[in-house]
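The primary structure of each chain is shown beneath.
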Protein chains: 8
Amino acid sequence: GLIKFDRDREDRTGFPEAVYSSGKDYEDLIIIANNYFKSVKPNEKSSLLFTRLSKSRFESLNDDLSDLKEKGFNLDYNPKAKILRINNYPLKDKINPDYGKIGILTAGTSDIPVAEEAKIVIQEGGCEVISSYDVGVAGIHRLLPQISKMVKDKVNCIIACAGMEGALPSVVAGLVDVPVIAVPTSIGYGVSDNGKTALFAMLQSCAPGIAVVNIDNGFGAGVLALTIVKNH
Amino acid sequence: GLIKFDRDREDRTGFPEAVYSSGKDYEDLIIIANNYFKSVKPNEKSSLLFTRLSKSRFESLNDDLSDLKEKGFNLDYNPKAKILRINNYPLKDKINPDYGKIGILTAGTSDIPVAEEAKIVIQEGGCEVISSYDVGVAGIHRLLPQISKMVKDKVNCIIACAGMEGALPSVVAGLVDVPVIAVPTSIGYGVSDNGKTALFAMLQSCAPGIAVVNIDNGFGAGVLALTIVKNH
Amino acid sequence: GLIKFDRDREDRTGFPEAVYSSGKDYEDLIIIANNYFKSVKPNEKSSLLFTRLSKSRFESLNDDLSDLKEKGFNLDYNPKAKILRINNYPLKDKINPDYGKIGILTAGTSDIPVAEEAKIVIQEGGCEVISSYDVGVAGIHRLLPQISKMVKDKVNCIIACAGMEGALPSVVAGLVDVPVIAVPTSIGYGVSDNGKTALFAMLQSCAPGIAVVNIDNGFGAGVLALTIVKNH
Amino acid sequence: GLIKFDRDREDRTGFPEAVYSSGKDYEDLIIIANNYFKSVKPNEKSSLLFTRLSKSRFESLNDDLSDLKEKGFNLDYNPKAKILRINNYPLKDKINPDYGKIGILTAGTSDIPVAEEAKIVIQEGGCEVISSYDVGVAGIHRLLPQISKMVKDKVNCIIACAGMEGALPSVVAGLVDVPVIAVPTSIGYGVSDNGKTALFAMLQSCAPGIAVVNIDNGFGAGVLALTIVKNH
Amino acid sequence: GLIKFDRDREDRTGFPEAVYSSGKDYEDLIIIANNYFKSVKPNEKSSLLFTRLSKSRFESLNDDLSDLKEKGFNLDYNPKAKILRINNYPLKDKINPDYGKIGILTAGTSDIPVAEEAKIVIQEGGCEVISSYDVGVAGIHRLLPQISKMVKDKVNCIIACAGMEGALPSVVAGLVDVPVIAVPTSIGYGVSDNGKTALFAMLQSCAPGIAVVNIDNGFGAGVLALTIVKNH
Amino acid sequence: GLIKFDRDREDRTGFPEAVYSSGKDYEDLIIIANNYFKSVKPNEKSSLLFTRLSKSRFESLNDDLSDLKEKGFNLDYNPKAKILRINNYPLKDKINPDYGKIGILTAGTSDIPVAEEAKIVIQEGGCEVISSYDVGVAGIHRLLPQISKMVKDKVNCIIACAGMEGALPSVVAGLVDVPVIAVPTSIGYGVSDNGKTALFAMLQSCAPGIAVVNIDNGFGAGVLALTIVKNH
Amino acid sequence: GLIKFDRDREDRTGFPEAVYSSGKDYEDLIIIANNYFKSVKPNEKSSLLFTRLSKSRFESLNDDLSDLKEKGFNLDYNPKAKILRINNYPLKDKINPDYGKIGILTAGTSDIPVAEEAKIVIQEGGCEVISSYDVGVAGIHRLLPQISKMVKDKVNCIIACAGMEGALPSVVAGLVDVPVIAVPTSIGYGVSDNGKTALFAMLQSCAPGIAVVNIDNGFGAGVLALTIVKNH
Amino acid sequence: GLIKFDRDREDRTGFPEAVYSSGKDYEDLIIIANNYFKSVKPNEKSSLLFTRLSKSRFESLNDDLSDLKEKGFNLDYNPKAKILRINNYPLKDKINPDYGKIGILTAGTSDIPVAEEAKIVIQEGGCEVISSYDVGVAGIHRLLPQISKMVKDKVNCIIACAGMEGALPSVVAGLVDVPVIAVPTSIGYGVSDNGKTALFAMLQSCAPGIAVVNIDNGFGAGVLALTIVKNH
Ligand SMILES: Nc1ncnc2c1ncn2[C@@H]1O[C@H](COP(=O)(O)O)[C@@H](O)[C@H]1O
Ligand SMILES: Nc1ncnc2c1ncn2[C@@H]1O[C@H](COP(=O)(O)O)[C@@H](O)[C@H]1O
Ligand SMILES: Nc1ncnc2c1ncn2[C@@H]1O[C@H](COP(=O)(O)O)[C@@H](O)[C@H]1O
Ligand SMILES: Nc1ncnc2c1ncn2[C@@H]1O[C@H](COP(=O)(O)O)[C@@H](O)[C@H]1O
Ligand SMILES: [Mg+2]
Ligand SMILES: [Mg+2]
Ligand SMILES: [Mg+2]
Ligand SMILES: [Mg+2]
Ligand SMILES: [Mg+2]
Ligand SMILES: [Mg+2]
Ligand SMILES: [Mg+2]
Ligand SMILES: [Mg+2]
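These figures come from a predicted structure and were not determined experimentally. (Residues numbered from 1 in each chain as written. Chains lettered and ligands numbered in written order. Predicted model: local features only at pLDDT ≥ 70, side-chain atom pairs only at ≥ 80, totals over all residues. Heavy atoms only, no water.)

1. Some words on the overall build of chain A
In step 1: Helix and strand counts for chain A come out as nine helices and nine strands.
In step 2: The C-alpha atoms of chain A give a radius of gyration of 18 Å, which matches the 17 Å a tight globule of 232 residues would have.
In step 3: When its C-alpha atoms are laid out on the principal axes, chain A stretches across 50 × 40 × 25 Å.
In step 4: Looking at the 232 residues of chain A, the share that counts as buried comes to 64%.
In step 5: Expressed as a percentage of contacts within chain A between residues at least 6 apart in sequence, the contacts between residues at least 24 apart total 68%.
In step 6: When the 26 positive and 28 negative side-chain charges of chain A are each reduced to one mean point, those points stand 3 Å apart. (Helix = DSSP H or I, 4+ residues; strand = E, 2+ residues; numbered from the N terminus. Rg over C-alpha atoms; globule rule 2.2 N^0.38 Å. Buried < 20%, exposed > 50% of the residue type's maximum accessible area, 1.4 Å probe, protein only. Contact = heavy atoms within 4.5 Å. Lys, Arg positive; Asp, Glu negative; His and termini not counted. Charge placed at Lys NZ, Arg CZ, Asp CG, Glu CD.)

Printed below as a string of structure tokens:
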């Protein structure tokens, strides 16, 4: 086969293989899904994520993977996050309260899909998520109470997603003492440069202690947050 | 002569010709200064600004323009702003309380030279300046009281200078109802891209009502502020 | 709800919340519109703008927001500006002659949509607009009389929109003494770089006193103009 | 004074104010140092870092801050890291074994200064450092044993610095399960683009769970590592 | 005719004219195909490649070139490589064992189309190909055995294709002593910059002896590999 | 020798070899000068230009080329243009009134060096030059009379040099019917991007019929102007 | 009306108003066409060009402008050039042998549309065109005879269009003594950067005397060529 | 020690460790040199290259490495190539005629240093070099005979270095059938972008079979050429 699975990954990193679907042929997605679950033993819990999967491709998979469904697998699709989770057990079974909590913020409503991608990855990794969306620095009076609340809820890490307000992570990191993960989004127009302005603003923040990931990379932010909280 | 003065400018815009010194030959600076004041009538008040003038070039001019000094002209050099003001009357004589007040903020201490350039231009234009430096958004608890104070002092316009915290004007504009002029500075390293990241962050701010000028352009920000407050 | 309204904005800035529609899910637009007017009291005047709304999405909203129409709200769509105004009173009722007049120029015909976006925002803010389109610096003989006319009409601020002739604001600012707001547009090809060449040409203009906003940001230019003229 | 200290920072983040010296006037550095220690009480332990300080400026400070030395303060300068530490107690007194250990790797010998900047910041924050320099991915046989060793030494976080081999953090993150912090350096020529190629290569790594900071930002990497390990 | 064939090319370089189809009018493709084979003598072996040809355009050509098919020509289309080969003899007849073998690697599954483009060009040039796909540096344990195998198979040159892991050729070149050809692909998002990040990472590799070609240029990589192995 | 002269160039293009001095070793400059004039026959008129030659390098050459001076050659150095002309006859002997006249404009005083480079090249080519410097579009009332004058003087081609006012050639080309050559200069700061903003603004001008050359390339503009007027 | 015609243009520059259709509303195109010919007197020859007009928009105009056709106007559409010529007399009637001849070259077949745009503009301006397409520098043996032929045909100016071989104008200018106009095209992929690589390669050519225009700007190249040859 | 030698490299790649001196501390260079030769056995031939070493640093090393000189080592410095070769045997002893010959071309005289860097590396690797400098495509009549000569001399590979004429490798590759290695140089100004324009022009060449290396990377080109010819 053309695709080589990294089955040790879950042991090493705490969450299963995630297939980056964008740009893959549809036929290859079907092969990947079928091959992945071929060797699952009876009663073994198993799941696989397809990220960046459009709604229409999900709908086709939903038809074409009926064999898997007959074997007891569910196809849970989150249209905001554009993630398909194929699994034989519910996501909530994974949550482990020992891992603590992770907070997720967005500057605008258009940044929500990236935040949702991170949320599902974190839940798949067994950690609880607290989120607050559409709190930008241009309206600082809306932002401050949300951060206070997260501090009171004792989050162990905060993910801040923003496309047009790259300063959100700076303001947050100036107020909390847990690690802050900044996710630039490709939202905006003109000089937003598909997210590069937000990315650069985040990287050159004056508030030290900020971790940055690639533009729109909710997936990477989620995995990083898990790696941080699991290393307690 | 090679240089053509724009003597109508002061009438049109409220401040005198300002010579952009950087990149001009030293000999040309001397010619410009001498020509400019040649036609000044006895008792006529007159002044000329040289911007972007290094300290060492000022010191040479101070020697080589002794003729002008004998004719009653002063050479006032501001080393932070890098502006030389040649004049036969003090700057404070120009201040006209009817123009109101203009506030100037900087995010860090390294942004101060740009702010000082704006300050001198505004004072030359006859307007009072209130300034507060080194108030960044990463320490929001330091910023909010400064803005409150400016609002209480009834400034008619605020200039915000920042290199590493392009969000400063956004936060300010979200809190006041006067025009905010954003001046990106070339302070920073790595992805700061000599000020482009700050510039772009300011241009794509979600807080509408922000006017942006070129990187390090304290001069332009000052003139714009004057144009705004004089059009009351 | 995912979206947080900024209802204080109108008090602070003189015009209502404007929803940036591009990139939002259609379902969210409906929720926003319905929620926004839920708490409007009988006989209270209220309006909401949706910017960057395509014609086809407007047509769907026109069907799906029939409830609002029954409650007496109108859906006025301007296809050049791509703005939908939902309201229970006509735009002309807002005009307040005390605010003065704002002039709007475009270099070419293709820059008109950006100018129209600014125009509607300014009218929503209560200010009169005088416009003159397709006057580029390459045909200086067409431009000069238009500017003379605006000066005679005593505009308090001029907005100049241009994609392929970034020098338009420079030429204008050299001739008038009111603030000039430059709006680069993404019109052009090759080295126009989707508006960045116009943006940069405007920012580095030799004529000081020019305020620049993001590429295609007619909205921001309108709000800035309002903030300037209302601070008289 | 022009400079506003953030004295709460140490409480919030676990390390003292660090002055970014590059681009500040020499006179301001002296004022900052003197003001900072003015209010230190007898027997109170206190320290201050000046980062990005050239050797020649250090030598001048060493002469001009003799007053501080008389009061019992030491000026420890690390020429690779370009950090001056002014303090009245040795760095090793700060190390707290509870915080665990942080590993630091560099791809080449030219990346060492950035690594050393991180090292001093981490030690100032009280954490032990294990380092291994000049291990690039182009010689994978040199890299693998170094990573094995760090895993055996139970580091809680790894910082990987590289200018010409942006893949170093990817390879490392594929082999360990602790958070990996990637620091691009400005080492290289031609398309290295002063570190942007390394930065982008690190951000788009296929190995998820990598935190990235600004180019040459050893300081930020050190603070981020401290924030992560202290949140155990 | 508008198009000028380079019929000497095959003699000089060992493979036939290849038409870059993308951006050419469909009508021109038909003219090219018909003209090319017009002068082929009976029993003369002849072939022509159309690269970057979409599946739908191939299907149209398949109908519209029925004349050629009647004259004994086959239209072999490889949908991954997007290459159409029109010919009157099978590809395998070209393979000449004297040329040795060329290895092809990809970092991810999405890089496979570029690898396949190279493969067909090399086979057309008469050389055997050994390939191994989806072996990235982030999972070094999957990569090392693949390289060992190629070394044992005595490949004379290795082509490494990667979009998100620009370091793949560096790692390979550090382990083998045959020339390594690096092909950046446009796979990725955010800072991948359509392949420029991979391209630059490959060019600035510390492992010397790497030849780089344009982004997605599987064709050029294949021709270069042939030129190298044929010059034994 | 390392350097290959192109002695046919003067016949083909109407002006002699010009050595681009910047970046060449000083020793090579001496060799070039001596070799060039070695084969000049008694009474043969000959000249050679060194462009981009710093004043200090000229002064050294003036000493080290005393042999040439003894053979009757002059070393004429223009410090604004940074051109050294080595010759055995005066520049004015070259002027041929049949070639017509070429006009040269600059937007600011800082653009003059580029204009002077063009001027000397044109005179070397035998054509008369009319120049007017420091006429920018921001002060259109200064520009229009200068252009009128050039039209009355019947120039056959106009060269317009500008760094901060890329629109100068557009305005000029809108008013005259001779070819306009636009020369962007690297004057400016911030978004001027070392001349790229002026270059791009000139290239995308709405006034067709403008020829553009490289940033600061007064040399190329001069040669192009000569090629145009000599092809009458 | 929104659009202001520049009816003096033909007198000034020798060819009529050309409407840049791309990005204009279809309705505006109809208005422009009808308005333009409204004031044409009986028997007056008149024509108007629409550039960058897609085939489908032409077909609609062909239907919707039937009124013009009834008044004796023809709609001649060139699908390669994407130019519509509305006129009441044939193009060949314009050719004036006194203007001489202009040569047009392209590097590849994909550059032909740009060349055709230039060709029609030149013919509209009354000048004869000689063209030779698909002659790239990579096959120098095909290029040299074409240039010889143009020299023998005594062309007065050569236009060279190329996307992937920016060196074409350099090679040509090294061989001829007439002005060479270089037109970069957006053909290519990867680092071609939509024509910027060709543009920059042309601008920095070592062969002086080359005039460059914007990417894909066949129109501007045509007008420039006319301006040059008409100024004989 | 901070530096880790890669002593197996010579066996793997055919030439010794080369130290990239630029950016390394002077003290580290001394340590590297001394350590490297510490373990050399009596009569064992050994050499080490320092690349990118300035003349003044060489002169200091020449003094400070007198111990090595006493042990029989020579310090051979090539000032064009900026390479120091420390060795106990002459370079010519390495040449092995079996490896064939490698040709080196430059477009201009300023590209020679890059060519010389490649030359020394190749000679160190045991291969003969034939070079021809200052042959640009703008003077094609100078270039063609040089290439003919190299073909007659039966070179096995050609290296073409160019900054302002990125097309040189294309023209060469169109005429020969051996691999062509293109080395962009940082020579030029304005849009040359420190070599990126040449780099991109080389990468997108229409002549397939060209291998490209980093800007100014004569070193890498030399190693690549060796790898190619040694794999015969
Ligand atoms: N949305 C995403 N963004 C970034 N990386 C991803 C994403 N989804 C999956 N990945 C990673 O990319 C790798 C991809 O590969 P593949 O499916 O082999 O192309 C996976 O193993 C994940 O670690
Ligand atoms: N066309 C526009 N361009 C720029 N900003 C806009 C535009 N339309 C609305 N906005 C602003 O963007 C804010 C946006 O956001 P949102 O919460 O995403 O609806 C609004 O409060 C407006 O101030
Ligand atoms: N200032 C200049 N700008 C651009 N090209 C120049 C300049 N001076 C000389 N040249 C051209 O560059 C060529 C250069 O080369 P060379 O001296 O061989 O490096 C000369 O033949 C001139 O055509
Ligand atoms: N001038 C050069 N350009 C590119 N690579 C070089 C150069 N000189 C040395 N190298 C390579 O860079 C590696 C560098 O390393 P280091 O001395 O460890 O920083 C060496 O092993 C060489 O392979
Ligand atoms: Mg919002
Ligand atoms: Mg500060
Ligand atoms: Mg127009
Ligand atoms: Mg090393
Ligand atoms: Mg994979
Ligand atoms: Mg001036
Ligand atoms: Mg072709
Ligand atoms: Mg030369």
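And the narrative resumes.
2. Examining the sheet that holds strand β2 (residues 47–51) of chain G
All names here are of chain G.
In step 1: Ordered by their spatial adjacency, four strands build an open sheet running β1-β2-β4-β3, and the pairing between neighbours is mixed. Bordering the open sheet on either side are β1 (18–20) and β3 (74–78), each of which pairs with just one other strand. Strand-to-strand twist in this sheet, taken as the mean axis angle between neighbours without regard to direction, amounts to 20°.
In step 2: Pairing of β3 with strand β4 (residues 83–87), which is carried by five bridges, proceeds in the antiparallel orientation. Within β4, the position partnered with N74 by the bridge is N87.
In step 3: With respect to the sheet, helix α3 (residues 55–64) is in contact with β3 and β4, its orientation differing from that of β3 by roughly 170°. (Pairing = 2+ DSSP bridges. Axes fitted to C-alpha atoms, helices over the stretch in contact; angles between N-to-C directions.)

3. Thoughts on the relation of the copies chain C and chain B
In step 1: For the pair chain C and chain B, the best superposition has an RMSD of 0.0 Å and corresponds to a rotation of 180° with a translation of 0.0 Å parallel to the axis. Each copy turns onto its partner about a two-fold axis.
In step 2: The overlap is high: 96% of the interface residues of chain C also sit at the interface in chain B, so the same surface is used on both sides. (Least-squares fit on C-alpha atoms with pLDDT ≥ 70 in both.)

4. Some remarks on the sheet that holds strand β4 (residues 83–87) of chain F
Residues and elements named next belong to chain F.
In step 1: With mixed pairing, the four strands of this open sheet are ordered in space as β1-β2-β4-β3. On the outer flanks of this sheet lie β1 (18–20) and β3 (74–78), each paired with one strand and no other. When strand polarity is set aside, the average angle formed by the axes of neighbouring strands in this sheet is 20°.
In step 2: The pairing of β1 with strand β2 (residues 47–51) spans three bridges and is classified as parallel. Bridged to Y20 within β2 is T51.
In step 3: Across the sheet, helix α3 (residues 55–64) touches β3 and β4, and the angle it forms with β3 is around 170°.

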